[in-house]
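Architecture at a glance
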Amino acid sequence: MASLSLNSLSVQPPSHPRKLVDTLSSTHSGGLKPIVVCGNPPTFVSAPGRRIVAVGDLHGDLAKARCALELAGVLSSDGQDSWVGGETVLVQLGDILDRGEDEIAILSLLKSLDVQAKATGGAVFQVNGNHETMNVEGDFRYVDYGAYDECTDFLQYLDDCDYNWEEAFVGWVGVSERWKEDRKLSERYWGPWDLVKRQKGVIARSILLRPGGPLASELARHAVVLKVDDWVFCHGGLLPHHGKNMLPYANVSLSIISFDLFHDFYCYTTHTVDGYAAVAYGMEKMNREVSNWMRGLSGSDDSPEIPFIAIRGYDSVVWSRLYSRDTAELEDYQVDQIQSILEETLQAVGAKAMVVGHTPQTTGVNCKYNCSIWRIDVGMSSGVLNSRPEVLEIRESNARVVRSKRDPVSELQ
């Protein structure tokens, strides 16, 4: 039985490649150039000629996740969890954790698909959302009871695999449903000991997700903002002060995005700042700092330094809702202001458009601001809106929404 002591469990966290430039090649490339990945975690990806599909928030719902991946044309429909996307590049936009009970199973499925995709010239990328960063911080407010049980079961399975992380993590999706059924059959025996069981699940989750824990270290492999060709993917939204490189100039005119608590709106102002400009923060540096924090490598061992600009505050990359608001609720000058901010951000990072999740769109996947922003969180999880899955497909810089295999594909661009 796996130990649930925070200090006694010895689990080797996943290793991280040291290369900042990686080439994903395959004998099945079909004449396409190899995918080139820069940054650790991945920040810039060159995927010439590839079809790109983006999937929004999944929130622990394995059934809906599989449905969305089948809809995207990358997952087999025979129940074998096989990659059928060929050279496709899949990007998942975070918030796999919370509100559902199959979180680790979904992460395991995506990892398995990534391994398979690389063998055929494709790739799978994930970006972390606010619920991933919340859990690494120890904020378990939105954890489903069943997710605690999954953490306990997964630690037992890890023990069965002799603490071989890669084997256990990739293999978990194939056994998790059987373990869940066995667990539910035995639940009637817990009775008055349910509190003990819940405490056991909280300890298991803390072991896995604390900074430096094995699951937190696995999440650390993923960026909070990713640029694939000329498309930017992030969970909440990239703003001007997130995206540029550090510029060592004094008296720089600096654009600041601030949150007005009284008017519930972002204000766009200009200031002059001495020294290094905060506007010149840098995507790669931001990804690296979040990754190091998740791996427990920043700050002291007892209190890892939290990368505030990326994961804290209403204008952080994982929390921002600036581009996801219903424009019908805004004044014309506010719409113009947001569009100006978006254009400045895209110009700063050399991108054509941005794809975000985080805010459920009750009308389905849609684009705004001359289709410079695509909002793809449809609240598909049964723990959110339980809506019909939808995905975004990008081919040769043109995007369309795939709503259902039974319905016509909706062309939006």
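Residues numbered from 1 in each chain as written. Predicted model: local features only at pLDDT ≥ 70, side-chain atom pairs only at ≥ 80, totals over all residues. Heavy atoms only, no water.

- Under the annotation held in an unreviewed UniProt entry, the protein chain carries the name Calcineurin-like phosphoesterase domain-containing protein and is attributed to Escallonia herrerae.

Structural notes on the packing of aromatic side chains
- Taken as a whole and assessed by the stated rule, the structure comprises seven aromatic pairs.
- Plain terms: the ring middles of phenylalanine 154 and tryptophan 165 are 5.6 Å apart, the flat faces sit at 85° to each other, and that makes the pair edge-to-face. Note that phenylalanine 154 is positioned in helix H4 (residues 145-160) and tryptophan 165 in helix H5 (residues 165-186), a separation of eleven residues in sequence. Neither residue differs from the other here; phenylalanine 154 and tryptophan 165 are each classed as buried. (Phe/Tyr/Trp six-rings, centres within 6.5 Å; stacked < 30°, edge-to-face > 60°. Helix = DSSP H or I, 4+ residues; strand = E, 2+ residues; numbered from the N terminus. Buried < 20%, exposed > 50% of the residue type's maximum accessible area, 1.4 Å probe, protein only.)

Details of the sheet that holds strand E4 (residues 52-55)
- Pairing is mixed across the open sheet formed by five strands, whose spatial order is E6-E5-E4-E14-E15. Taken across any chain shown, the strands that pair with only one partner, and hence form the sheet edges, are strand E6 (123-126) and strand E15 (398-402). Each strand of the sheet is rotated relative to its neighbour by a mean of 20°, with strand direction disregarded.
- Inspection of the sheet shows strand E5 (residues 89-92) paired to E6 by four bridges, in the parallel sense. Bridging from a neighbouring strand, valine 91 pairs with phenylalanine 125 of E6.
- Relative to E6, helix H2 (residues 103-118) is tilted by about 145°, and along the sheet it contacts E5 and E6. (Pairing = 2+ DSSP bridges. Axes fitted to C-alpha atoms, helices over the stretch in contact; angles between N-to-C directions. Contact = heavy atoms within 4.5 Å.)

Overview of the pattern of salt bridges
- Inspection of every chain in the model, using the stated rule, returns 20 salt bridges.
- Of the charged contacts, one joins arginine 205 and glutamate 103 as a salt bridge, the two residues approaching to 2.9 Å between their closest N and O atoms. Placement of arginine 205 in helix H6 (residues 194-209) and of glutamate 103 in helix H2 is noted, with a sequence separation of 102 residues between them. Taken individually, arginine 205 and glutamate 103 each receive the classification buried, so the pair is uniform in this respect. (Salt bridge = Lys/Arg side-chain N within 4 Å of Asp/Glu carboxyl O.)

A short note on the state of the cysteines
- Enumeration over the complete set of coordinates arrives at one disulfide.
- For cysteine 367, the disulfide goes to cysteine 371, at an S-S distance of 2.1 Å.
- The buried category is assigned to cysteine 371, whose relative accessible area is 18%. (Disulfide = S-S within 2.5 Å.)

Section: the packing of H4 against H6
- Taken N-terminus to C-terminus, the directions of H4 and H6 make an angle of 65°; their axes are 8 Å apart at the nearest point. By the criterion of interaxial angle, the relationship of H4 to H6 is roughly perpendicular. Seen from above, H4 lies across H6 with left-handed handedness. When H4 is examined against H6, the residues Tyr145, Ala147, Tyr148, Asp149, Cys151, Thr152, Phe154 and Leu155 are found in contact with a partner set consisting of Lys197, Arg198, Lys200, Gly201, Val202, Ala204, Arg205, Ile207 and Leu208.
- Grouping the constituent residues of the contact of H4 with H6 by class yields ten nonpolar, two polar and five charged. (Parallel < 35°, antiparallel > 145°, perpendicular 65-115°, else oblique. Left-handed = near helix turned anticlockwise from the far one by under 90°. Nonpolar A, V, L, I, M, F, W, Y, C, P; charged D, E, K, R; others polar.)

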